[in-house]
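Structure assessment
As a plain string of letters, each chain reads:
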Amino acid sequence: MDPNRIIKMRLVFEGEKKPYLLDVSSLFYDLELLHDFSLLLYAEGYHDYRFSRFFWYRRGRPLKDEHRLRAVKIIKESPLTIELILHIVAVSSGAIWAIAQAIEKVGNWKLSREKLKLEVEKLRYEKNIRPYDEQKARIEMEKKLLERECWWIFNSLIKKLEANSIKLKDIDLSLEKTNDENDR
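Residues numbered from 1 in each chain as written. Predicted model: local features only at pLDDT ≥ 70, side-chain atom pairs only at ≥ 80, totals over all residues. Heavy atoms only, no water.

Observations regarding the packing of helix 3 (residues 95-105) against helix 6 (residues 151-163)
The condition is simple: Helix axes are fitted to C-alpha atoms over the stretch in contact, other axes to C-alpha atoms as well, and angles between N-to-C directions run from 0 to 180 degrees. Numbered from the N terminus, helices here are DSSP runs of H or I no shorter than four residues, and strands are runs of E no shorter than two. Any angle between 65 and 115 degrees counts as roughly perpendicular, while under 35 counts as roughly parallel, over 145 as roughly antiparallel, and the rest as oblique. The sense of a crossing depends on the near helix, which, turned anticlockwise from the far helix by less than a right angle, makes the crossing left-handed and, turned clockwise, makes it right-handed. Residue contacts are counted whenever heavy atoms from the two residues lie within 4.5 Å of one another. Amino acids outside the nonpolar list (Ala, Val, Leu, Ile, Met, Phe, Trp, Tyr, Cys, Pro) and the charged list (Asp, Glu, Lys, Arg) are all regarded as polar, and Gly is one of them.
Across the interface, helix 3 lies against helix 6 with an axial gap of 9 Å and an inter-helix angle of 50 degrees. Taken together, the axes of helix 3 and helix 6 are oblique relative to one another. The two elements helix 3 and helix 6 cross, and the hand of that crossing is right-handed. On helix 6, the residues that touch Ala98, Ala102 and Lys105 of helix 3 are Phe154, Ile158 and Glu162. Here the residues of the contact of helix 3 with helix 6 are counted per class, giving four nonpolar, no polar and two charged.

Here it is in structure tokens:
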């Protein structure tokens, strides 16, 4: 795994011109929870993590610093745009697929499901990861959710994202090279 590779995720949202700060901060936190949940579910080194109510706490998810989600850019205009950096482990472990599945399940987000699938496939191709059948991946995810007894967390995250008045309109994923720790 190349430590100088990152995944840049650009999310574009639509909503009120002046959203409540609570909706904005909740959206940010729920996105971080979704990211952390996916890594804890898929990435090597986190298999011993036991999902519990502490997952929802600010420090309840013991991710390595280099695996934490980073903000590159936040533009609060119309539309709200967020650029995030995910560690390459998100692609190689399958966690990015879990994030994509969750995003796809949020029924009231007006985004192209087909574009999202193509973005994930593009990442797999760029990272030379063998593409696998979507049905097989979906079954694998359901199996992990049952084995780790965390289906309730996944469903709660989906409901929280659906309940937010700020809705995802577009997403772009790209695999990029970084030269320096300061770029992260």
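On we go from here.
Comments concerning the environment of valine 24
Along the chain, valine 24 turns up in helix 1 (residues 21-42). The spatial distance from the C-alpha of valine 24 to the C-alpha of serine 165 is 9.0 Å, given a sequence separation of 141 residues. Once residues within four sequence positions are removed from consideration, valine 24 is found in contact with Pro19 and Ile166.

Focus on the sheet that holds strand 4 (residues 167-177)
What links the strands of a sheet is backbone hydrogen bonding, and the strands pair in either a parallel or an antiparallel sense. Operational definition: Strand pairing is assigned whenever DSSP identifies at least 2 bridges connecting the two strands.
Across the sheet, four strands lie side by side as 2-3-1-4; this open sheet has antiparallel pairing. Strand pairing shows two members of the sheet lacking a second neighbour, strand 2 (70-75) and strand 4, which therefore form its edges. Pairs of neighbouring strands in the sheet enclose a mean axial angle of 15 degrees, with direction left out of account. Strand direction decides the pairing type here: strand 2 and strand 3 (residues 80-87), joined by five bridges, are antiparallel. Residue pairing across strands places lysine 73 opposite glutamate 83, the latter belonging to strand 3.

Quick look at the packing of aromatic side chains
Put simply, the rule reads: By convention, a stacked pair of Phe, Tyr or Trp rings (six-membered ring in the case of Trp) has centres within 6.5 Å and planes under 30 degrees apart, an edge-to-face pair has planes over 60 apart, and any other such pair is tilted. Only Lys NZ and Arg CZ are tested; either one counts as a charge over a ring when it is within 6 Å of the ring centre and within 35 degrees of the ring normal.
Under the counting rule described, the total for this entry stands at ten aromatic pairs. Ring centres 6.0 Å apart and planes at 50 degrees place the aromatic pair phenylalanine 51 and phenylalanine 55 in the tilted group. These aromatic residues form a ring-pair network of at least three members: Phe37, Tyr49, Phe51, Phe55, Trp56, Trp151, Trp152 and Phe154. The positively charged end of arginine 61 is found above the aromatic ring belonging to phenylalanine 55, 5.6 Å away from the centroid. One Lys or Arg, lysine 144, reaches over the ring of tyrosine 42 and ends 5.1 Å from the middle of that ring.

Description of the pairing of strand 1 (residues 5-14)
Residues in a regular strand point their side chains to alternate faces of the sheet. Two strands pair when backbone bridges link them, and strand 1 and strand 4 are joined in this way by ten bridges, in the antiparallel orientation. The residue of strand 4 that forms the bridge with leucine 11 is isoleucine 171. Here strand 1 pairs with strand 3 via eight bridges, running antiparallel. By the bridge assignment, isoleucine 7 is partnered in strand 3 with leucine 86.

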